[in-house]
Amino acid sequence: MPEVDRVAANRAAIAARQARADLKRRLRSGEVSPFRVLEQSRLPDTPAASLRITDFLLSFPAIGAVKAERVREDLGISERKRLGGLGKLQRDRLEAFVRERTGGGRVGPRPPLTVLAGPTAVGKGTVATYIREHYPEVQLSVSATTRAPRPGEEHGRHYFFVDDEGFDRMLAADELLEWATVHNKSRYGTPRRPVLEAAERGALMLLEIDLQGARQVRASMPEARLVFLAPPSWDELVDRLVGRGTEDEEERTRRLETAKVELAAADEFDEVIVNDEVPRAAARLVELMRGDDA
Ligand SMILES: Nc1ncnc2c1ncn2[C@@H]1O[C@H](COP(=O)(O)OP(=O)(O)OP(=O)(O)O)[C@@H](O)[C@H]1O
Ligand SMILES: Nc1nc2c(ncn2[C@@H]2O[C@H](COP(=O)(O)O)[C@@H](O)[C@H]2O)c(=O)[nH]1
């Protein structure tokens, strides 16, 4: 290996070790939840994915070296395994263990509203549709938009499709909780009243919006929970966008540019869910929405 490459590889290895040590510290101090780490470990090349199972177990209160060993053996996971290398069964067993240890795996009280954001084509709409069909107790906010309807989209169900003047009128009347020009093209906004009414009733309210909108909600309602939906990998994201077939090449390029910026903002969110399987991602999202009082 050329000297330059060796130096770069050494630097990367040191940075990865430091990131892992930092993660272990944050896990032990409770700054980051084991569920969040388990979820992040689904993403390759993350500190969570490279965390050894033993180090993960040792981060739990009252689990020392001997107990960690026993738990690991009970879970049928070899000592050398890292979280990112777990098979489905092992991951399911570990998740069940964490769930039991942390009282259901829920985080904090029920939020007045939950925001789901993430890059284009990660599957926000698909997860939201799954939730609409399988969790009738969840109310989905219907946004207003100036973009044209796609085939099959219904006014009032998927969006309120309005023209520029209509959107301007909503803004002038202060009817929107948040709004943004998304992908440098169309405007989208969340009608304020249904969200406030749902919060008043204590209903489970979900907003599926972009990063700029999520930041506005955070600023005006700090008690809202922000959930970032992440793709299993960049290549998978591109495949999903191309596979959906609803945008031309120019629009896809524009959306992928925005996606790079959005992916870099995942750390701003309270929770990250990897959308590898829609039912699993949806179930975790609803679990977070229900909070501790479910
Ligand atoms: N877990 C998944 N596995 C495989 N394909 C998926 C998954 N989730 C969604 N998809 C597919 O990915 C494509 C994009 O999904 P979707 O339209 O829901 O994304 P989105 O995040 O709402 O996008 P946008 O922000 O651009 O509106 C769709 O073709 C959908 O069927
Ligand atoms: N800030 C907001 N963003 C929104 C809202 N409704 C949807 N969106 C986001 O727009 C993009 C593109 O959606 P598409 O339906 O045209 O593919 C996507 O990221 C949505 O999350 C909103 O009310 N406010």
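Residues numbered from 1 in each chain as written. Chains lettered and ligands numbered in written order. Predicted model: local features only at pLDDT ≥ 70, side-chain atom pairs only at ≥ 80, totals over all residues. Heavy atoms only, no water.

Looking at an unreviewed UniProt entry, one finds the protein chain named Guanylate kinase, with Leucobacter chromiiresistens as its source organism. Recorded in UniProt for the protein chain, the comment headed Subcellular location (unreviewed entry) runs: "Cytoplasm". UniProt, in the comment section headed Catalytic activity (unreviewed entry), describes the protein chain in these words: "GMP + ATP = GDP + ADP". (UniProt positions renumbered as here; feature names shortened; annotations may be inferred.)

(A) Region of the structure containing the UniProt feature "binding site: ATP" (unreviewed entry) in the protein chain. Here the UniProt feature "binding site: ATP" (unreviewed entry) sits at Gly118, Pro119, Thr120, Ala121, Val122, Gly123, Lys124 and Gly125. Positionally, Val122 belongs in the loop between strand E1 (114-117) and helix H6 (124-134). By relative accessible area, Val122 is classed as buried at 0%. In this view, Val122 contacts Leu229, Ala230, Pro231, Leu237, Arg240 and Asn275; residues no more than four positions away in its chain are not counted. Tracing the sequence through the fold places Gly125 in helix H6. (Helix = DSSP H or I, 4+ residues; strand = E, 2+ residues; numbered from the N terminus. Buried < 20%, exposed > 50% of the residue type's maximum accessible area, 1.4 Å probe, protein only. Contact = heavy atoms within 4.5 Å.)

(B) Inspection of the pattern of salt bridges at higher detail. The tally for this structure, following the rule as stated, stands at 31 salt bridges. A salt bridge links Asp55 to Lys24; the shortest N-O distance between them is 3.4 Å. One end of the pair, Asp55, is in helix H3 (residues 53-58); the other, Lys24, is in helix H1 (residues 3-29), and 31 residues separate them in sequence. According to the relative accessible area criterion, Asp55 is partly exposed, its value standing at 22%. Under the relative-accessibility criterion, Lys24 is labelled partly exposed at 22%. For Glu95, the salt bridge goes to Arg42, with nearest N and O atoms at 3.6 Å. Placement of Glu95 in helix H5 (residues 88-101) and of Arg42 in the loop between helix H2 (34-40) and H3 is noted, with a sequence separation of 53 residues between them. The class for Arg42 is buried, based on a relative accessible area of 17%. (Salt bridge = Lys/Arg side-chain N within 4 Å of Asp/Glu carboxyl O.)

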